[in-house]
Amino acid sequence: MQRKPDWLRRPFVWDPNQRTVEGILKELNLNTVCGEANCPNYGECFANKTATFMILGTRCTRGCRFCNVSHGAPDDVDPNEPRNIALAVAKLGLKYVVVTSVTRDDLADGGASHFAETIRAIRQTCPNTAIEVLIPDFKGDTDALKIVTDARPDVISHNMETVKRLYDTVRPEAVYERSLSVLLNIKRLNPNVKSKTGIMVGLGESEEEVLELLNDLRRVGCELLTIGQYLAPSANHHPVIEYIHPDRFAEYAKAAYARGFSFVASAPYVRSSYRAAEAMNE
Ligand code: SF4
């Protein structure tokens, strides 16, 4: 594995809140992608009272080559989860909450109704908390997507993750055009919801391919964008092909704003939910 460059070295941010947060999560039997994915921004986000909850269990029905989430036979859906997440949001005093999930291709609606129940539970308990949901592609089922858009979260995010050419090797069960149509349909089904996506670089893509992806994203009306460096969770995952220099992240941000994105976070340590509250206000 390549040696990490200096710009990827930074001290681990420890926040005393972290123990409190972990205690509340345990008490309410909740999962966060922050913990499951070993996110480098864990401390900073918790310090900013932002957290990303992962619903619908911890085992995914897909096996993306970059992802650290476990795969296999999915867990039973916990009917108390929506209420427990709303309780956790209240206890933590979150201003902005992101709710994501593993992909549940085993469920008829892909888990869409569970997302909608969670949004409604948070709205009821914490009316001043902004809500972002980071959704799977629901296998392109627009009826399932409509269940989520009708629940009117503030932001709906669906990650493209990488450029078209790399889909087969990086996320083989996903389809590039299908993911683009999810973003397009978010705006069609509810123009008041902000649409957002996240991509990783350093998986072997070229600059031209990234710019092509930015064009495709603007073509489907995507407004908010995050770009971060891919870091391999283990030697068994897709290798890091390149550590992208911060200057190129700045160039990508410039190119994205020039194409009309209203908010772009582009830097080595950026992840989908990073600085999410700022994005919402753009
Ligand atoms: S679908 Fe999502 S949770 Fe599942 S393996 Fe892929 S990235 Fe990970």
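That block above? That's the structure.
These numbers come from a predicted model, not from an experiment.

Trainee: Which residues make up the overall build of the chain, and what are the values?
Mentor: A count of helical and extended segments in the chain gives eleven helices and ten strands. Compactness check: the chain gives a C-alpha radius of gyration of 18 Å against a globular reference of 19 Å for 282 residues, within 12% of the reference. Across the 282 residues that make up the chain, the buried fraction comes to 55%. When contacts within the chain are restricted to residue pairs at least 6 apart in sequence, long-range pairs at least 24 apart make up 74% of them.

Trainee: Mind laying out the sheet that holds strand E2 (residues 50-55), listing which residues take part and the relevant values?
Mentor: A sheet is described by the order of its strands in space; here eight strands give the open sequence E1-E2-E5-E6-E7-E8-E9-E10, paired in mixed fashion. Of all the strands in the sheet, the pair left with one neighbour each is strand E1 (31-32) and strand E10 (263-266). Examined bridge by bridge, strand E6 (residues 130-134) and strand E7 (residues 155-157) share three bridges and lie parallel to one another. Its bridge partner lying in E7, Val133 is registered against Ile156. Against the sheet, helix H9 (residues 207-219) engages strand E8 (194-201) and strand E9 (224-229), with an angle of about 170° to E8.

Trainee: I'd like to hear about the site of the ligand, residue by residue, with values.
Mentor: Around the ligand, the structure places Cys60, Arg62, Cys64, Phe66, Cys67, His71 and Thr103. Of the residues that constitute the shell around the ligand, the class distribution is four nonpolar, two polar and one charged.

Trainee: I'd love a proper account of the pattern of salt bridges, names of residues and values included.
Mentor: Scanning the model with the defined rule gives 15 salt bridges in all. Arg248 serves as the salt-bridge partner of Glu207, at 3.5 Å between the closest nitrogen and oxygen. Pair noted here: Glu207 is in helix H9 and Arg248 is in helix H10 (residues 246-258), with a separation of 41 residues, a long-range link. One salt-bridge network, held together by shared partners, links Arg62, Asp105, Asp137 and Arg178.

Trainee: Which residues make up helix H8 (residues 176-189), and what values go with them?
Mentor: Taking 1.5 Å of rise per residue, the 14 residues of H8 would be expected to cover 20 Å, and the 20 Å separating its terminal C-alpha atoms lies within 8% of that figure. Every buried residue of H8 is accounted for by Tyr176, Ser179, Leu180, Val182, Leu183, Asn185, Ile186 and Lys187. Those residues of H8 that are buried are in contact with helix H6 (142-149), E7, helix H7 (167-170), E8 and H9.

Trainee: Please give an account of the packing of aromatic side chains that cites residues and values.
Mentor: Scanning the entire structure with this criterion turns up two aromatic pairs. Centroid distance Phe115 to Phe138: 6.4 Å. Interplanar angle 85°. Geometry classified as edge-to-face. Of this pair, Phe115 sits in helix H5 (residues 112-125) while Phe138 sits in the loop between E6 and H6, and the two are 23 residues apart along the sequence. Just as Phe115 is buried, Phe138 falls in that class too. Here Tyr167 and Tyr176 contribute two aromatic rings whose centre-to-centre distance is 5.5 Å and whose plane-to-plane angle is 85°, an arrangement assigned as edge-to-face. The exposure class of Tyr176 is buried, given its relative accessible area of 6%.

Trainee: Outline H9, supporting the account with residue identities and numerical values.
Mentor: With 13 residues, H9 should reach 18 Å at 1.5 Å per residue; the first-to-last C-alpha distance of 19 Å fits that figure. Taken together, the buried positions of H9 are occupied by Glu209, Val210, Leu213, Leu214, Asp216 and Leu217. Along the long axis of H9, the arc covered by the buried residues comes to 160°, so they all point the same way. Projecting away from the buried face of H9 at angles above 90 degrees are the exposed residues Glu208 and Arg219. Where H9 is buried, its residues touch H8, E8, E9 and H10.

About the thresholds
Residues numbered from 1 in each chain as written. Predicted model: local features only at pLDDT ≥ 70, side-chain atom pairs only at ≥ 80, totals over all residues. Heavy atoms only, no water. Helix = DSSP H or I, 4+ residues; strand = E, 2+ residues; numbered from the N terminus. Rg over C-alpha atoms; globule rule 2.2 N^0.38 Å. Buried < 20%, exposed > 50% of the residue type's maximum accessible area, 1.4 Å probe, protein only. Contact = heavy atoms within 4.5 Å. Pairing = 2+ DSSP bridges. Axes fitted to C-alpha atoms, helices over the stretch in contact; angles between N-to-C directions. Near = heavy atom within 4 Å. Nonpolar A, V, L, I, M, F, W, Y, C, P; charged D, E, K, R; others polar. Salt bridge = Lys/Arg side-chain N within 4 Å of Asp/Glu carboxyl O. Expected span 1.5 Å × (residues − 1). Phe/Tyr/Trp six-rings, centres within 6.5 Å; stacked < 30°, edge-to-face > 60°. Arc of directions from axis to C-beta.

Scope: geometric values only; no functional claims are made or implied.
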